[in-house]
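Report on the structure
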Number of protein chains: 2
Amino acid sequence: MVVDTDVTMTLDEVRALARAVLTEQGLAADHAEAVAETMVAGERDGCTSHGLYRLLVAARSLAAGVVAPNALPLAEPSGKAIVRINGGGGFAQLAFETGKPALIAAARQFGIAALALNNVVHFAALWPEVEALAGEGLVALAFTPSHGWVAPAGGTKPVFGTNPIAFGWPRPGRDPFVFDFATSAVARGEIELHRRAGKAIPDDWGYDADGQPSTDAKAVLDGAMRTFGGHKGSALAAMVELLAGPLIGDLTSQESMAHDAGRGGSPLGGELIIAIDPAGFLGDEVGTHLARAEKMFAAIEGQGARLPSQRRYAARAISLRDGVRVSARLLADIELLRKKA
Amino acid sequence: MVVDTDVTMTLDEVRALARAVLTEQGLAADHAEAVAETMVAGERDGCTSHGLYRLLVAARSLAAGVVAPNALPLAEPSGKAIVRINGGGGFAQLAFETGKPALIAAARQFGIAALALNNVVHFAALWPEVEALAGEGLVALAFTPSHGWVAPAGGTKPVFGTNPIAFGWPRPGRDPFVFDFATSAVARGEIELHRRAGKAIPDDWGYDADGQPSTDAKAVLDGAMRTFGGHKGSALAAMVELLAGPLIGDLTSQESMAHDAGRGGSPLGGELIIAIDPAGFLGDEVGTHLARAEKMFAAIEGQGARLPSQRRYAARAISLRDGVRVSARLLADIELLRKKA
């Protein structure tokens with residue numbers, strides 16, 4: 001074991017570093033700004049795997065030519081409760097920022113609306129997006145496929161991506177109720193961490209290339225991961241593929257993997273976000289019914305169970321006051337990346 | 001063990017029996033017709049727990065005064081992509097049939113639309129509803145709470161219902177891709193079957209009233225069930241409560257249970273159905289992209305894994321040809337019910 005130390009940084013310092021590195025790697029300024037914000041959010045909320053570490057991931061996609069560094073996200077006209085943004089092969093963040101105002105407006109106009117991001121490269125979590133919409137008083141659902149890494153229940157060969165589902169619910173005067181989880185048994189990064197550390201994984205995380213359950217992290221990365229929750233998780237993984245793939249005319253996880261052609265880039269494809277305005281159902285009774293939801297949250301927390309995202313929100317409160325601790329080794333890796341640029 | 005035999009019936013005989021019994025129990029003819037169809041579908045697809053057996057369940061709710069037998073479902077006006085039906089305390093089926101044409105029209109007009117059924121009594125599965133919408137070429141999601149029976153992950157006291165999620169996807173020329181599962185670890189009926197048979201249940205299905213994991217079916221029925229898939233299933237159960245409860249101004253599972261006040265009736269509350277028209281995203285390219293979805297299904301089935309609902313569809317093919325086999329003991333119980341009416 002090499003001993004790591006860490007360094008305290010303010011969130012402004014994290015933001016400045018992320019923007020500088022992304023720009024040096026060739027990313028256009030508007031994209032760099034949008035992508036940096038998700039890294040700031042990751043560090044701020046204690047999700048270090050979605051923080052500055054992702055500079056290395058983004059740099060790899062940029063170097064491999066997987067992502068268009070100057071893509072201009074374009075809204076496609078629609079008279080419906082549907083907003084489509086063609087991301088032009090760029091990172092998803094700017095495409096989301098481009099579509100967000102139209103999605104919010106459509107949800108308020110029609111009661112329910114959907115935003116499809118097409119042709120975007122994904123390497124971040126979905127919670128910043130549903131949290132932003134919940135912050136506008138909307139209920140939000142988000143789905144995206146990834147690369148074909150996960151076997152369906154009853155099989156052992158990869159079909160699905162890690163296919164996350166995210167949900168946001170507004171809580172007036174409080175942080176929104178937000179969850180965001182992979183429909184795979186564990187995050188792929190978790191298996192990668194075990195591989196790097198030379199540690200065995202539980203035998204119910206995945207299969208080797210011969211379709212046998214395996215405790216060898218590398219064998220499972222080269223074979224197939226399992227879904228969470230047996231056939232139910234598998235059904236949800238298929239739903240995510242369909243909703244954020246063929247439904248919006250975009251790639252499935254297997255197609256994204258084929259398109260990557262071994263370059264090791266982040267997944268390319270689509271994302272579907274559904275936003276619902278409670279006022280569309282409730283009119284001026286929104287406050288009354290949101291208060292009833294609070295009773296359910298109280299029944300959960302009152303028995304010592306935690307709501308999703310509470311750990312993130314607790315970390316956020318500390319980060320906003322004290323800054324964040326960043327691994328010195330990660331910062332050294334980032335400096336190395338900058339020298340190569 | 002008492003030996004049971006069974007009797008062959010045509011689907012028309014099942015339909016006639018269900019309608020007759022429901023009418024004798026005091027249910028209005030239009031409701032009896034809509035409710036009978038879900039029982040026919042249950043018998044037809046081999047889901048006997050949602051077949052004629054449900055006559056006993058419906059009769060109990062009617063006798064207990066939990067359900068309004070003559071309720072007239074009323075559409076509430078909306079200029080949005082939202083359809084609301086107030087079911088007037090009647091069974092959900094007629095409310096769904098009343099709202100379905102408007103939901104389909106709204107989905108085609110706006111690309112995405114939502115149907116809220118309010119103030120309805122639920123005792124059936126959700127798959128007939130998403131399957132019907134998928135049969136119209138739409139993608140459909142459905143959610144409903146039930147009674148407060150299920151503990152959140154990290155807790156041991158009931159908050160959620162069994163809270164099913166159903167999804168339907170159109171497959172031109174084939175039966176739709178449909179799933180419908182409870183977010184509880186198992187169906188409540190499964191635990192009831194164990195109790196009646198005097199059989200122990202696995203210790204990870206639920207907790208007794210003291211919050212201890214238990215293998216005693218009755219203790220878990222009186223205590224709390226678990227969600228499937230740990231904290232992920234628990235998050236989804238909370239989402240179902242929120243979407244089909246407070247979002248549409250209707251009861252949570254705990255509130256439904258309180259309203260039942262020990263009468264043992266079926267849950268009262270709401271249901272949310274979201275319908276999406278692929279043409280809203282894809283225009284005249286729908287066929288091309290639905291064909292891409294078929295490749296994903298082929299990748300699942302090609303490795304020997306099953307798609308959800310395949311067992312139902314196989315049973316259906318046989319039932320349509322040969323009729324269905326119904327338990328003679330169940331038919332005797334139904335005759336007993338008729339004599340009491």
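Residues numbered from 1 in each chain as written. Chains lettered and ligands numbered in written order. Predicted model: local features only at pLDDT ≥ 70, side-chain atom pairs only at ≥ 80, totals over all residues. Heavy atoms only, no water.

What follows is about the pattern of salt bridges. When the charged atoms of two side chains with opposite charge come close together, those side chains can pair. Enumeration according to the criterion identifies 36 salt bridges over all chains in this entry. Residue Glu24(A) is joined to Arg338(A) by a salt bridge in which the shortest nitrogen-to-oxygen separation is 2.5 Å. Separated by 314 residues along the polypeptide, Glu24(A) in helix α1 (residues 11-24) and Arg338(A) in helix α13 (residues 328-340) bring together distant segments of the chain. Looking at Glu24(A), the relative accessible area reads 36%, which means it is partly exposed. The class of Arg338(A) is partly exposed, set by a relative accessible area of 25%. When the shortest N-O distance is used, the salt bridge between Asp12(B) and Arg15(B) registers 2.7 Å. Linking Asp12(B) with Arg15(B), this pair stays in helix α1 (residues 11-24), spanning three residues, or about one helical turn. (Salt bridge = Lys/Arg side-chain N within 4 Å of Asp/Glu carboxyl O. Helix = DSSP H or I, 4+ residues; strand = E, 2+ residues; numbered from the N terminus. Buried < 20%, exposed > 50% of the residue type's maximum accessible area, 1.4 Å probe, protein only.)

Our next topic: empty space enclosed by the protein. Applying the stated criterion to the full structure yields six cavities of 30 Å³ or more. Roughly 70 Å³ of internal volume is contained in the largest cavity. Taken together, Leu141(A), Phe143(A), Ile165(A), Leu236(A), Met239(A), Leu141(B), Phe143(B), Ile165(B), Leu236(B) and Met239(B) make up the lining of the largest cavity. Every element with two or more residues in the lining of the largest cavity is listed here: β5 (139-143) and α8 (230-244) of chain A together with β5 (139-143) and α8 (230-244) of chain B. In terms of lining residues, the second largest cavity is bounded by Thr38(B), Met39(B), Gly42(B), His50(B), Arg54(B), Phe123(B), Ala124(B), Ala125(B), Trp127(B) and Pro128(B). Mapped onto the lining of the second largest cavity, the elements with two or more residues apiece are α2 (29-44) and α5 (127-135) of chain B. For the lining of the second largest cavity, the per-class residue count stands at six nonpolar, three polar and one charged. Looking at which domains feed residues into the lining of the second largest cavity, each of domain 1 (1-63 + 320-341) and domain 2 (73-184 + 226-308) of chain B supplies at least three. (1 Å grid on protein atoms, 1.4 Å probe; cavity = no way out; pocket = protein on both sides within 12 Å on 5 of 7 lines; lining within 4 Å. Points joined across faces, edges and corners; volume = space filled by probe spheres on them. Nonpolar A, V, L, I, M, F, W, Y, C, P; charged D, E, K, R; others polar. Domains from an automatic or database assignment.)

Turning to the sheet that holds strand β2 (residues 74-76) of chain A, a few remarks are in order. Residues and elements named next belong to chain A. Spatially, the seven strands line up as an open sheet ordered β2-β3-β4-β10-β5-β6-β7, and their pairing is mixed. Here the strands that pair on one side only, and so sit at the sheet edges, are β2 and β7 (177-181). Each strand axis lies, on average, 15° off the axis of its neighbour in the sheet, ignoring direction. As judged from the four bridges shared by β5 and strand β6 (residues 165-169), these two strands associate in the antiparallel manner. Of the residues in β6, the one forming a bridge with Phe-143 is Ile-165. (Pairing = 2+ DSSP bridges. Axes fitted to C-alpha atoms, helices over the stretch in contact; angles between N-to-C directions.)

Two aromatic rings, taken as a pair, are described by how far apart their centres are and by the angle between their planes. All names here are of chain A. A full pass over the atoms with the stated rule returns 16 aromatic pairs over all chains. Each ring, one from Phe-91 and one from Phe-123, has its centre 4.9 Å from the other, and the planes form 65°; the classification is edge-to-face. Taken together, the residues span a long stretch of sequence, with Phe-91 in the loop between β3 (82-86) and α4 (92-110) and Phe-123 in the loop between β4 (112-121) and α5 (127-134) at a distance of 32 residues. According to the relative accessible area criterion, Phe-91 is buried, its value standing at 1%. Between Phe-177 and Phe-297, the aromatic rings sit 5.0 Å apart at their centres with planes inclined by 25°, giving stacked as the arrangement. (Phe/Tyr/Trp six-rings, centres within 6.5 Å; stacked < 30°, edge-to-face > 60°.)

Attention shifts here to the relation of the copies chain B and chain A. The transformation that overlays chain B on chain A combines an axial shift of 0.0 Å with a rotation of 180°, and the residual RMSD is 0.0 Å. Both chain copies can therefore be described as sitting about a two-fold axis. No C-alpha of chain B approaches the rotation axis more nearly than that of Gly229(B), which lies at 2.2 Å. Most of the interface of chain B is mirrored in chain A, where 100% of its interface residues again form contacts. (Least-squares fit on C-alpha atoms with pLDDT ≥ 70 in both. Contact = heavy atoms within 4.5 Å.)

Attention shifts here to the side chain of Ser61(A). Tracing the backbone through its elements, the reader meets Ser61(A) in helix α3 (residues 54-63). With near-sequence residues (within four places) excluded, Ser61(A) lies in contact with Val66(A), Val67(A), Phe91(A), Gly265(A) and Ser266(A).

Okay, the packing of α1(B) against α2(B) next. Residues and elements named next belong to chain B. One way to put it is that α1 packs onto α2 with a least axis distance of 9 Å and a crossing angle of 140°. On the basis of their axis angle, the class for α1 and α2 is oblique. Classified by chirality, the crossing of α2 by α1 is right-handed. Contacts between α1 and α2 involve Leu-11, Val-14, Arg-15, Ala-18, Arg-19, Leu-22 and Thr-23 from the former and Ala-32, Glu-33, Val-35, Ala-36, Glu-37, Met-39, Val-40, Glu-43 and Arg-44 from the latter. (Parallel < 35°, antiparallel > 145°, perpendicular 65-115°, else oblique. Left-handed = near helix turned anticlockwise from the far one by under 90°.)

Let us look at the sheet that holds strand β6 (residues 165-169) of chain B. Each strand in a sheet pairs with another by means of backbone hydrogen bonds, the pair being arranged parallel or else antiparallel. All names here are of chain B. Pairing within the open sheet is mixed, and its seven strands lie in the order β2-β3-β4-β10-β5-β6-β7. Both outer strands of the open sheet, β2 (74-76) and β7 (177-181), are each paired with one neighbouring strand and no more. Strand-to-strand twist across the sheet, computed as the mean angle between neighbouring axes with direction ignored, equals 15°. Where β6 meets β7, five bridges bridge the pair, whose relative direction is antiparallel. Paired with Ala-166 across the two strands is Asp-180, which belongs to β7. On top of the sheet, α5 reaches β5, β6, β7 and β10 (268-276); it is set at about 20° to β6, its chief contact.

Attention shifts here to the interface of chain B and chain A. Between chain B and chain A, the residue contacts involve 67 residues of the former and 67 residues of the latter. At the boundary of chain B with chain A, total buried surface from both sides reaches about 5500 Å², with 76% on carbon and sulfur atoms. Counting the surface chain B buries against chain A, the share from its top three residues, Lys232(B), Leu247(B) and Phe281(B), is 14%. Put simply, chain B and chain A have two salt bridges between them. Residue Arg292(A) pairs with Glu255(B) through a salt bridge whose shortest N-O separation is 2.5 Å. Along the contact surface separating chain B from chain A lie 18 residue pairs in polar contact (both at pLDDT 80 or more). A per-element tally of the side of chain B that touches chain A places α8(B) first, with nine residues. Residue classes in the side of chain B that touches chain A are distributed as 43 nonpolar, 15 polar and nine charged. (Buried area = accessible area lost by both parts, 1.4 Å probe. Polar contact = N/O pair within 3.5 Å; in protein donor to acceptor, adjacent residues only side chain to side chain.)

Further remarks concern the domain arrangement of chain A. Residues and elements named next belong to chain A. Segmentation of chain A into domains returns domain 1 (1-63 + 309-341) and domain 2 (72-185 + 226-307). With centres defined by C-alpha atoms, the gap from domain 1 to domain 2 works out at 23 Å. Each partner contributes residues to the interface: domain 1 has 25 residues there, and domain 2 has 20 residues. Interface area for domain 1 against domain 2, summed over the two sides, is near 1900 Å², with a carbon-plus-sulfur share of 60%. In this structure, the connection of domain 1 to domain 2 is made through two salt bridges. With its nearest N and O atoms 2.9 Å apart, the salt bridge here joins Glu-131 to Arg-316. Applying the counting criterion to the domain 1 and domain 2 interface returns nine residue pairs in polar contact (both at pLDDT 80 or more). Elements with a minimum of two residues in the side of domain 1 that touches domain 2: α2 (29-44), α3 and α12 (310-322). It is α2 that contributes the most residues to the side of domain 1 that touches domain 2, nine residues altogether.

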